[in-house]
Amino acid sequence: QVQLVESGGGLVQPGGSLRLSCTASGRAFGAYGMAWFRQNPGKERELVASISWSVQPFYNDSLQDRFTISRDNVENTLYLQMNWLKPEDTAVYYCAASRGLYYSGAHYSEADFASWGQGTQVTVSS
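For clarity, every value in this text was computed on a predicted model and none was experimentally measured.

(A) Representation of the pairing of strand S8 (residues 77-82). Counting buried positions along S8 yields five of six residues, so the element is predominantly enclosed. Where strand S7 (residues 67-72) and S8 come together, six bridges link them in antiparallel fashion. Bridge pairing links aspartate 72 to threonine 77 in S8. Counting the residues that bridge the hairpin from S7 to S8 gives four residues, and of these asparagine 76 lies at a positive phi of roughly 55°.

See the structure below:
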């Protein structure tokens with residue numbers, strides 16, 4: 001299974017920016033669909049954004065104007081650029097990889113992903 005490690009979280013003031021990174025093991029990174037999810041205690045995990053092996057992005061409609069997902073297949077790294085952060089963005093952010101190579105299914109449900117990182121905490125507060 002793909003092993004994923006997130007980094008880049010931390011404390012930021014409202015209106016600030018952060019860039020999260022997710023580094024994956026293995027040689028087939030470019031063949032997996034990838035995604036960012038987020039979750040707070042007591043709430044459902046929700047999709048932030050996803051990107052297919054063919055580099056087709058999908059965004060949570062409420063976030064697409066502020067967040068940008070990208071990938072570097074040479075470095076086996078997934079990124080999430082977060083701008084104009086709000087307190088409600090506070091959550092643990094998780095990186096996920098699709099269930100198979102060259103995954104052709106949807107990229108918006110937890111069921112589409114099989115490998116997960118341990119998460120990185122993002123806190124937006126004054």
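(B) Highlighting a nonpolar patch on the surface. Nonpolar side chains collect at one region of the surface, where Trp53, Leu101 and Tyr102 lie side by side and expose about 330 Å² of accessible area between them. Its location among the elements puts leucine 101 in the loop between strand S9 (91-98) and strand S10 (113-116).

(C) Inspection of the packing of aromatic side chains at higher detail. Scanning the entire structure with this criterion turns up four aromatic pairs. With 5.0 Å between their ring centres and 50° between their planes, phenylalanine 37 and tryptophan 116 make a pair best called tilted. With phenylalanine 37 in strand S4 (residues 34-39) and tryptophan 116 in strand S10, this pair connects stretches of sequence that are 79 residues apart. Measuring from centroid to centroid gives 5.9 Å for phenylalanine 58 and tyrosine 108, while their planes differ by 40°, and the two rings are tilted. With phenylalanine 58 in strand S6 (residues 57-59) and tyrosine 108 in the loop between S9 and S10, this residue pair connects regions lying 50 residues apart in the sequence. Its relative accessible area of 39% is what places phenylalanine 58 among the partly exposed residues. Judged by relative accessible area, which is 51%, tyrosine 108 ranks as exposed. Ring pairing ties together the aromatic residues Phe37, Phe113 and Trp116, which thus form one cluster. Residue placement shows arginine 45 over the ring face of tyrosine 94; its charged tip is 4.2 Å from the ring centre.

(D) Broad picture of unusual backbone geometry. Of note in this structure, valine 55 is not a glycine but carries a positive phi near 70°. The phi dihedral of asparagine 76 is positive, around 55°, even though this residue is not glycine. Tracing the chain through its elements places asparagine 76 in the loop between S7 and S8. Accessibility expressed as a relative area gives 15% for asparagine 76, which makes it buried.

(E) Region of interest: the state of the cysteines. This model, assessed by the stated rule, comprises one disulfide. With its sulfur 2.0 Å from that of its partner, cysteine 22 forms a disulfide with cysteine 95. With the S-S bond torsion at -75°, the cross-link from cysteine 22 to cysteine 95 turns out left-handed. Residue cysteine 22 is found in strand S3 (residues 18-24), and its partner cysteine 95 is found in strand S9; the two are separated by 73 residues along the sequence. On the basis of relative accessibility, which here comes to 0%, the residue cysteine 95 falls in the buried class.

Scoring rules and cut-offs
Numbering of residues begins from 1 in every chain and follows the order in which that chain's sequence is written. Totals for whole chains, interfaces and linings use every residue, but because this is a predicted model, local features are given only for residues with pLDDT of at least 70 and side-chain atom pairs only at 80 or more, for both listing and counting. Processing note: side-chain calculations cover all non-hydrogen atoms of the structure and skip hydrogens and water entirely. Burial here depends on accessible area, computed with a 1.4 Å probe over protein chains only, as a share of the maximum for the residue type. Under 20% is buried, over 50% is exposed, and the range in between is partly exposed. Strands are runs of DSSP state E lasting at least two residues, helices are runs of H or I lasting at least four, and both sets are numbered from the N terminus onward. For two strands to be treated as a pair, DSSP must find no fewer than two bridges joining them. Exposure above 30% relative accessible area and the lack of any salt bridge qualify a residue for a patch; like charges then connect within 9 Å, and the nonpolar side chains Val, Leu, Ile, Met, Phe, Trp and Tyr within 5 Å. Surface exposure here means Shrake-Rupley accessible area, sampled with a 1.4 Å probe, where a residue is shielded only by the protein chains that are shown. In the sections that follow, a salt bridge refers to a side-chain nitrogen of Lys or Arg positioned within 4 Å of a carboxyl oxygen of Asp or Glu. Working definition: rings of Phe, Tyr and Trp (its six-membered ring) pair if their centres are within 6.5 Å, and the pair is stacked with planes under 30 degrees apart, edge-to-face with planes over 60 apart, and tilted otherwise. Only when the NZ atom of a Lys or the CZ atom of an Arg is both within 6 Å of the ring centre and within 35 degrees of the ring normal do we say a charge sits over the ring. A pair of sulfur atoms, both from cysteines and within 2.5 Å, is called a disulfide here.

Bear in mind that shape data such as this cannot, by itself, settle questions of function.
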